[in-house]
Amino acid sequence: MNVSSVRKEDCVGCMVCKNICPANCINLDVDYEGFVFPKVNQEKCINCSLCIKTCQAKLPIDGKYPFTAYAAQIKDKISLKNSASGGIAYQICKYIIKNQGVAYGAIYNDDFTVKHDRSDSIDTLKLQQGSKYVQSSIYECLSSVKEDCIQGKNVVFVGTPCQIAALRLYLGRDYNNLYLIDLICHGVPSPKLFSSYINWKINKLNSSKIIDYKFRDKSDGWGTNYKIITDNAIKKGSAMEEPYYSDFVLAKNYRISCYKCKYSNSMRIGDIT
């Protein structure tokens, strides 16, 4: 048995199966909405079942109820302004890096697709700041996280609950030097949809390139305001007036598995939420 038996509506697209497969027989398959799913080459499959044994769609939640809740924001006003909320995840990651550790979090690629990347400096950590309401690709960095853990580095990983679960399943054991921060997730739209939206905005603004996009900009105060920097303009406004963001808030553009997410409860999968 392999992950080809997993129903599409149960797959979160973490691609742990691709990383764990010893026969390298699992490839990426992108559906018409732009979401990634595993595609098994049945001829190459050796029926080891490792992929299905590490598939979170087939496994119960291994979480815990929170011990304590805090409300806080960081004192550094510049870093607070560049963070979507209170900046606590950024401060934790910054502390880890200052103590010779590394941090993994979501960044934009040049084409505004989103992936998880490794940071070992404060300068590169800044790329991880800010909410990015797009499904982030994590499969490229899983082996790097494992290597850092094995080498004894302090490692912090920030992601959605299903991404945290994916990393834990891929590692197969706990590490005392690994700190997992799960986000209270709202659901994830597809990279393809966000790319279409970015191209639409470029045309609408009569620009040739978008340089930066902030879903939640604080330059005019807290709230749900967006900010786009293009090659020839800066555009700000209410995020709810943007079709991509309003559909996100109204739960119209998520991955199909998000609509029955098993992590959407008070039991948490990370060390910190």
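Reading guide: rules and limits
- Sequence order sets the numbering: in each chain, residues are counted from 1 along the sequence as written.
- Two thresholds apply to this predicted model, a pLDDT of at least 70 for residue-level local features and 80 or more for giving and counting side-chain atom pairs, whereas whole-chain, interface and lining totals are computed over all residues.
- Note that water and hydrogens are dropped before the side-chain values are worked out from all heavy atoms of the structure.
- A run of H or I in DSSP becomes a helix once it reaches four residues, and a run of E becomes a strand once it reaches two; helices and strands are each numbered from the N terminus.
- Partly exposed residues are those whose accessible area sits between 20% and 50% of the maximum for their type, while under 20% is buried and over 50% is exposed, using a 1.4 Å probe and protein chains only.
- Here a polar contact is taken to be a pair of N or O atoms separated by no more than 3.5 Å, where protein atoms must pair a possible hydrogen donor with a possible acceptor and residues adjacent in sequence count only if both atoms sit in side chains.
- Between two residues, a contact is recorded if the distance between any of their heavy atoms is within 4.5 Å.
- Only strands that DSSP links by at least two bridges are regarded as paired with each other.
- Handedness rule for crossovers: strands pointing away from the viewer, path from the first strand over the helix to the second running clockwise, crossover right-handed.
- Taking the helix axis as origin, the arc is that swept by the directions to the C-beta atoms.
- Only the stretch in contact is used when fitting a helix axis, every axis being a line fitted to C-alpha atoms; angles between N-to-C directions are given from 0 to 180 degrees.
- Put simply, a nonpolar core is a bunch of buried Ala, Val, Leu, Ile, Met, Phe, Trp, Tyr and Cys residues held in one set by side-chain atoms that sit within 4.5 Å of each other.

Participant: Looking at this structure, how should I read the side chain of Asp-31?
Facilitator: Topologically, Asp-31 is positioned in the loop between β1 (26–30) and β2 (36–40). Here Asp-31 falls in the buried class, since its relative accessible area comes to 11%. Of the polar contacts made by the side chain of Asp-31, one reaches the backbone nitrogen of Glu-33; its length is 3.0 Å. Polar contacts involving the side chain of Asp-31 include one to the main-chain amide nitrogen of Phe-35, which spans 2.9 Å. Sequence-distant contacts of Asp-31, defined by excluding residues within four places in its chain, comprise Lys-8 and Phe-37.

Participant: Explain the pairing of strand β6 (residues 178–182) to me, please; I cannot follow it from the model alone.
Facilitator: On a regular strand, one side chain projects to one face of the sheet and the next to the other, so that they alternate. Most of β6 is tucked away, with four of its five residues classed as buried. Pairing analysis gives five bridges linking strand β5 (residues 155–159) to β6, with the strands arranged parallel. Bridge pairing in β6 links Val-155 to Leu-178. Each parallel crossover has a hand, and the one from β5 via helix α7 (residues 161–171) to β6 is right-handed.

Participant: What exactly am I supposed to notice about helix α4 (residues 88–98) here?
Facilitator: Each α-helix turn comprises 3.6 residues. Residues three or four places apart therefore point the same way. Buried within α4 we find Tyr-90, Cys-93, Lys-94, Ile-96 and Ile-97. Down the axis of α4, the buried side of the element spans an arc of 160°, and every buried residue falls inside it. Turned more than 90 degrees off the buried face of α4, the exposed positions are Tyr-95 and Lys-98. Against α3 (77–82), β3 (102–108), β4 (114–119), α5 (122–125), β5 and β6 lie the buried residues of α4. One or two residues past the end of α4 sits Gln-100, with phi positive at roughly 65°.

Participant: Looking at this structure, how should I read the environment of Arg-168?
Facilitator: Summarising the element assignment, Arg-168 is placed in helix α7. The spacing of Arg-168 and Tyr-32 is 136 residues in sequence and 29 Å in space, taken between C-alpha atoms. Excluding its chain neighbours within four sequence positions, the residues that come into contact with Arg-168 are Asp-62, Arg-173, Leu-180 and Ile-269.

Participant: Would you take a moment to explain the sheet that holds β6 for this structure?
Facilitator: In a beta sheet, neighbouring strands are held together by backbone hydrogen bonds and run either parallel or antiparallel to one another. The strand order across the open sheet formed by four strands is β4-β3-β5-β6, and the pairing between neighbours is mixed. The open sheet has two free edges, formed respectively by β4 and β6, since each of these has just one partner strand. Pairs of neighbouring strands in the sheet enclose a mean axial angle of 25°, with direction left out of account. Each of β3, β4, β5 and β6 touches α4; the most contacted strand, β5, lies at about 160° to it.

Participant: So what exactly am I meant to see when it comes to the sheet that holds strand β8 (residues 225–230) here?
Facilitator: Spatial strand order, β7-β8-β9: three strands in an open sheet with antiparallel pairing. Lying at the two open borders of the sheet, with one neighbouring strand each, are β7 (210–214) and β9 (234–238). Neighbour to neighbour, the strand axes of the sheet diverge by 10° on average, direction disregarded. As paired strands, β8 and β9 are joined by five bridges and run antiparallel to one another. Paired with Ile-228 across the two strands is Lys-235, which belongs to β9. Helix-sheet contacts for helix α8 (residues 191–204) involve β7 and β8, and the interaxial angle to β7 is about 120°.

Participant: What am I meant to see in the nonpolar core here?
Facilitator: Soluble globular proteins tend to pack their nonpolar side chains together in the buried interior. Grouped together as the largest cluster of nonpolar side chains are 25 residues, with contacts concentrated most on Tyr-104, Val-145, Val-155, Phe-157, Leu-167 and Leu-178. Those elements giving two or more residues to this core turn out to be α1 (16–20), β3, α6 (142–150), β5, α7 and β6. The biggest single contributor to this core is α7, with seven residues. If we skip the residues at most four places from it in the chain, Leu-178 touches Val-145, Cys-149, Val-155, Leu-167, Leu-171 and Asp-271. By size, the runner-up hydrophobic cluster in this structure holds 20 residues, among which are Tyr-108, Val-134, Ile-210 and Ile-228.

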